[in-house]
Amino acid sequence: MSNRKSAIIALGSNLQNPAQQVRAALAAIAAHPQIEIERTSSLYITTPVGYDNQPDFVNAVCTVCTGLEGVALLAVLNQIEADFGRERTFRNAPRTLDLDIIDYHHQSSDDPHLTLPHPRAHERSFVMKPLAEILPDFELGQQGKAADIAARLGDNGIQLLSEADK
């Protein structure tokens, strides 16, 4: 299919067996007929950002190839979140699943529903460290390469999920 576009999706969960939620979300994304997962990072345990009175998160990043336009991809991801019981009670609240489009085919967009690249991705080690693992040379907008951004952010509050934790 010649109209396929690349996208980067960040996944996170901190409720109801977060590692399993992230794995099941990857399977749900891969099951969509117009989305093909190309690469998936390791899973990481991360401390909450913003609202910190909640359990740690499990985060990952995947790259996909899709025939969907950006807004349609976002709609699919929002439906997967809803299917997983996502409730949007308040900003940075605990959640069963969070799926964010970090980049969609290197496009820029100021649309309030889909801002591209993701406006805070470069501030979040839980996005940049997994992204740097699978695409270290990926240029995130004007922010630079994923590996450089991840190195600047450091490892504070994020660690690789060990086999024992899975």
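For clarity, every value in this text was computed on a predicted model and none was experimentally measured. (Residues numbered from 1 in each chain as written. Predicted model: local features only at pLDDT ≥ 70, side-chain atom pairs only at ≥ 80, totals over all residues. Heavy atoms only, no water.)

Student: Help me understand the pairing of strand β1 (residues 5–13), please; the structure alone is not making it clear to me.
Tutor: With eight of nine residues buried, β1 is to be regarded as a mostly interior element. As paired strands, β1 and strand β4 (residues 57–66) are joined by nine bridges and run antiparallel to one another. When the bridges of β4 are listed, Ser6 appears paired with Cys65. Of the strand pairs in this sheet, β1 and strand β5 (residues 98–104) are connected by six bridges, and their pairing is antiparallel. When the bridges of β5 are listed, Ala10 appears paired with Asp100. (Buried < 20%, exposed > 50% of the residue type's maximum accessible area, 1.4 Å probe, protein only. Helix = DSSP H or I, 4+ residues; strand = E, 2+ residues; numbered from the N terminus. Pairing = 2+ DSSP bridges.)

Student: Help me understand the packing of helix α3 (residues 125–134) against helix α4 (residues 146–153), please; the structure alone is not making it clear to me.
Tutor: How two helices pack is summed up by the angle between their axes together with the distance between the axes. The geometry of α3 relative to α4 is characterised by a closest axis approach of 8 Å and an angle of 135° between their N-to-C directions. The pairing of α3 with α4 is recorded here as oblique in orientation. Between α3 and α4 the crossing geometry is left-handed. The residues of α4 that touch α3, namely those facing Ser125, Met128, Lys129, Leu131 and Ala132, are Ala146, Ala147, Ile149, Ala150 and Leu153. The residue makeup of the contact of α3 with α4, split by class, is eight nonpolar, one polar and one charged. (Axes fitted to C-alpha atoms, helices over the stretch in contact; angles between N-to-C directions. Parallel < 35°, antiparallel > 145°, perpendicular 65-115°, else oblique. Left-handed = near helix turned anticlockwise from the far one by under 90°. Contact = heavy atoms within 4.5 Å. Nonpolar A, V, L, I, M, F, W, Y, C, P; charged D, E, K, R; others polar.)

Student: Where do I start with the pattern of salt bridges in this structure?
Tutor: Pairs can form between side chains of opposite charge whenever their charged atoms are close. One pass over the structure, following the stated rule, counts four salt bridges. A salt bridge links Asp98 to Arg95; its shortest N-O distance comes to 3.1 Å. Grouping residues by exposure puts Asp98 and Arg95 together as buried. With its nearest N and O atoms 3.9 Å apart, the salt bridge here joins Asp137 to Lys145. (Salt bridge = Lys/Arg side-chain N within 4 Å of Asp/Glu carboxyl O.)

Student: Looking at this structure, I do not really get the nonpolar core. What am I missing?
Tutor: In a soluble, globular protein the nonpolar side chains are often hidden away together inside. Formed by 29 residues in total, the largest nonpolar core has its most connected members in Leu11, Ile29, Leu73, Leu99 and Ile101. Counting only elements with at least two residues in this core, the list comes to β1, α1 (18–31), β4, α2 (70–83) and β5. Non-local contacts of Ile29, meaning those with residues more than four positions away in its chain, are made with Ile9, Leu11, Ile35, Ile37, Val64, Leu77, Ile80 and Leu99. Counting 19 residues, the second largest nonpolar core, distinct from the first, contains Ala121, Met128, Phe138 and Ala146. (Core = buried A, V, L, I, M, F, W, Y, C linked by side-chain atoms within 4.5 Å.)

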